[in-house]
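# Report on the structure
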Amino acid sequence: MDLKKDKKYYGEVWFVNQEQHKQFCVMSFIDDDLVLETNLHTPKKAYKESQILGAFTGLGHLTFIDCRIKYSSSGITQTRIYRPKYSFVSDSHIVDAINLKFKEFFVVNEAIVKWVNFSPWYDTIDEKLIKKEFNDSYTITNENLQIKIAHYLKYHTVKRTELNISNQGSIKFELEEAVTVLSAIELYDQFQKVLQLVFGQSSKFSKFSFKCMGCGYWKQLYYNDKKLSKSTTTFVHTDYEKVKTQLSKILNATYSNKDFQFCLDKLMENFIGNQPSHNKRFTNSIATFEAYCKLFTDDLKTNLKKQILGHEDIFKKIGKICDEEWEKFPSKVVRSRDFHIHSNTGNRDVFSEFDLLYISFLFDFVIAYLLLSQIKVSKDLLDKYILHGNSVFVDMKRTNEILGSNPLL
């Protein structure tokens, strides 16, 4: 049975090798965090327990790892509310999470459905359901990794009178060498960065399952994914069908090319978790641009101004920067960088806090364009970064300048 965030589950929990001291437990979700409310506790003072085991009605055996104590009370009874970082669900046996490795896992993510962008409908003339189902496979040769992107239908009966049909999307990873849980999560996080790069967003997963190498059955893993899952659409938005011919190049670069991966990781820091301040976003974009220039260009000692000038064409295309404005642009970026990174507070004519956001967007689109150019994706895909960059840096900036202007001045 799948974990449902709108339900409470009832069972018993105990510490490792202390099954004789079971305690009743209520398991629920608070703001996507799984929490355990129980009397189970140790006499020693602690802020967390490394591992708790349990058995719950409707789920089976559970293993909870890195259980922080969110609430503690003493008196006639001892109450604890634990917030495990990782939780494992198995209907057949306790999962040995500490030594766990596996070769196959899949993640159900709503962002795949949005990326495919197809609504099922019923053709009343031919009396058939029109749907889009596929299971596309991408081979990452250097890593002995197979990534499969699937889109399919899920059927759910409601009170014997209704049949709900919904689209589902998943990403499956198949490896030749077994990996640890943290390595599997890292592989999935890298895919989320690809989603952000070519689709502009990701979502919290609804299911994360792995195939047990012992019994051969599928088990579940749950953790609160706080990285790219809450990102908003500020990057290029593509349809899966139109980009999938280029996806093999992008996935291979993401998982096999360390330089590409490093720059992509740096770029995605602007989209992870809570949105950073405008100056933090700007300095991170500059650092990512400098990383790209160091890793993918020949002149390793070129300063930032010369690096910007060396990519004049793409900056002008994405930012629609005229020649007059361009004459001042590189020096102003350097002064602003030095103001925020090197604390050169005496610098004058630096970008305002408002401008920093859009300069950061401009650099992000330039970096994405340059990275994808390195792996020779199609011109049609590259043009999307120019057009969307125009929309964000030029059109959106102009609109927000008007909306943010002070009518009393």
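In this convention, every chain numbers its residues from 1, walking through the sequence in written order. Whole-chain, interface and lining totals are the exception, using all residues; otherwise, since this is a predicted model, local features are given only for residues with pLDDT of at least 70 and side-chain atom pairs are given and counted only at 80 or more. Note that the side-chain values use all heavy atoms of the structure and ignore hydrogens as well as water.

### Here we look at the packing of helix α2 (residues 181-198) against helix α3 (residues 240-256)
At a closest axis distance of 10 Å, the pairing of α2 and α3 adopts a crossing angle of 135°. It follows that α2 is oblique to α3 by the angle criterion. Between α2 and α3 the crossing geometry is right-handed. Contact with α2, carried on its side by L187, Q190, F191, V194, L197 and V198, involves L247, I250, L251, T254 and Y255 of α3 and no other residues of that element. Polarity classes work like this: nonpolar for Ala, Val, Leu, Ile, Met, Phe, Trp, Tyr, Cys and Pro, charged for Asp, Glu, Lys and Arg, and polar for all others, with Gly in that last group. Residue composition of the contact of α2 with α3, grouped by class: 9 nonpolar, 2 polar and no charged. Here the axes come from fitting lines to C-alpha atoms, over the contacting stretch only for helices, and the angles between their N-to-C directions go from 0 to 180 degrees. The helix and strand labels rest on DSSP assignments: H or I over at least four residues marks a helix, E over at least two residues marks a strand, and numbering proceeds from the N terminus. For classification purposes, angles smaller than 35 degrees are called roughly parallel, those larger than 145 roughly antiparallel, those between 65 and 115 roughly perpendicular, and all remaining angles oblique. By convention, the crossing between two helices is left-handed when the near helix turns anticlockwise from the far helix through less than a right angle, and right-handed when the turn is clockwise. Any pair of residues with heavy atoms lying within 4.5 Å of one another is described as a contacting pair.

### Describing the pattern of salt bridges
A pairing counts as a salt bridge when a side-chain nitrogen of Lys or Arg comes within 4 Å of a carboxyl oxygen of Asp or Glu. Counted under the stated rule, the structure contains 23 salt bridges. A salt bridge links K172 to E104; the nearest nitrogen and oxygen atoms lie 3.3 Å apart. Within this pair, whereas K172 is found in strand β12 (residues 162-180), its partner E104 is found in strand β7 (residues 101-109), the two being separated by 68 residues in sequence. K172 sits in the partly exposed class, given a relative accessible area of 21%. Linking D136 and K244 is a salt bridge whose minimum nitrogen-to-oxygen distance equals 3.6 Å. Taken together, the residues D136 in strand β10 (residues 134-140) and K244 in helix α3 connect sequence positions 108 residues apart. Summary of the burial criterion: residues with accessible area below 20% of their type's maximum are buried, those above 50% are exposed, and those between are partly exposed, where the area comes from a 1.4 Å probe applied to protein chains only. Under the relative-accessibility criterion, D136 is labelled buried at 17%. Relative accessible area serves as the criterion here: at 27%, K244 is assigned to the partly exposed category. One network of salt bridges, with partners in common, ties together E104, K148, K172 and E174.

### A short note on the packing of aromatic side chains
Here is the rule: rings of Phe, Tyr and Trp (six-membered ring for Trp) pair when centre to centre is within 6.5 Å. Planes less than 30 degrees apart are stacked, more than 60 are edge-to-face, and the remainder are tilted. If you walk through the whole model with that rule in mind, you get 29 aromatic pairs. Here the aromatic rings of F134 and Y240 are separated by 5.2 Å at their centres, their planes lie at 0°, and the arrangement is stacked. Separated by 106 residues along the polypeptide, F134 in strand β10 and Y240 in helix α3 bring together distant segments of the chain. For Y240, a relative accessible area of 0% corresponds to the buried category. Taken together, the ring pairs in this structure connect F29, Y86, F88, F102, F105, F173, Y188, F205, F208, F210, Y222 and Y223 into an aromatic cluster. Counted as over-ring charges are cases with an Arg CZ or a Lys NZ within 6 Å of the ring centre that also lie within 35 degrees of the ring normal. One residue, K22, lies across the ring of W14, its end atom 4.9 Å from the ring centre.

### Looking at the confidence of the model for the protein
Overall, the predicted model of the protein reaches an average pLDDT of 90, with 94% of residues at or above 70. The quantity called pLDDT is the predictor's confidence in a given residue, expressed from 0 to 100. Within the model, the stretch residues 402-409 combines pLDDT values under 50 with 0 contacts to residues more than four positions away or in other chains.

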